[in-house]
Amino acid sequence: MRKQLFQYAIIFNPETTGNEVVKEESKIITEPTTVLAKDGAEVNLIAAMSIPKEYADKLDKIQIVVRPF
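Everything numeric in this text was worked out from a predicted model, so none of it was measured. (Residues numbered from 1 in each chain as written. Predicted model: local features only at pLDDT ≥ 70, side-chain atom pairs only at ≥ 80, totals over all residues. Heavy atoms only, no water.)

Undergrad: Would you take a moment to explain the sheet that holds strand 2 (residues 27–37) for this structure?
TA: Within a sheet, each strand pairs with its neighbour through backbone hydrogen bonds, oriented either parallel or antiparallel. Pairing within the open sheet is antiparallel, and its 3 strands lie in the order 2-1-3. Both outer strands of the open sheet, strand 2 and strand 3 (62–68), are each paired with one neighbouring strand and no more. Across this sheet, the average inter-strand angle for adjacent strands is 20 degrees, counted without regard to direction. Bridging between strand 1 (residues 4–12) and strand 2 involves 8 bridges; their strand directions are antiparallel. Following the sheet pairing, F12 is matched in strand 2 by K27. Helix 1 (residues 40–49) rests against strand 1, strand 2 and strand 3 of the sheet, and its axis sits at about 45 degrees to strand 1. (Pairing = 2+ DSSP bridges. Helix = DSSP H or I, 4+ residues; strand = E, 2+ residues; numbered from the N terminus. Axes fitted to C-alpha atoms, helices over the stretch in contact; angles between N-to-C directions. Contact = heavy atoms within 4.5 Å.)

Below you can see the structure in the form of structure tokens.
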């Protein structure tokens, strides 16, 4: 199958629920990265595997953004 060009970035959004106090702002934890993949699902998998280990316990606050070309 022919692969397509995609870019992905990983963002940390420390949003809160209830009465929690936010001490951090949203930030990009992986700069836009260009990859070849067969579809968006494969890009999401590639991106998920590149999430830094220090965010492993905060996956509910991680956003993966994918852009096809």
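Undergrad: Hey, could you run me through the environment of Y8 in this one?
TA: Relative to the assigned elements, Y8 resides in strand 1. When the C-alpha atoms of Y8 and V35 are compared, they prove to be 8.0 Å apart, with 27 residues separating the residues in sequence. Excluding residues that lie within four positions of it along the chain, Y8 makes contacts with T30, E31, P32, T33, V35, V43, I46, A47, S50, V65 and V66. Within the structure, Y8 has its side chain in polar contact with the side chain of S50 (distance 3.3 Å). (Polar contact = N/O pair within 3.5 Å; in protein donor to acceptor, adjacent residues only side chain to side chain.)

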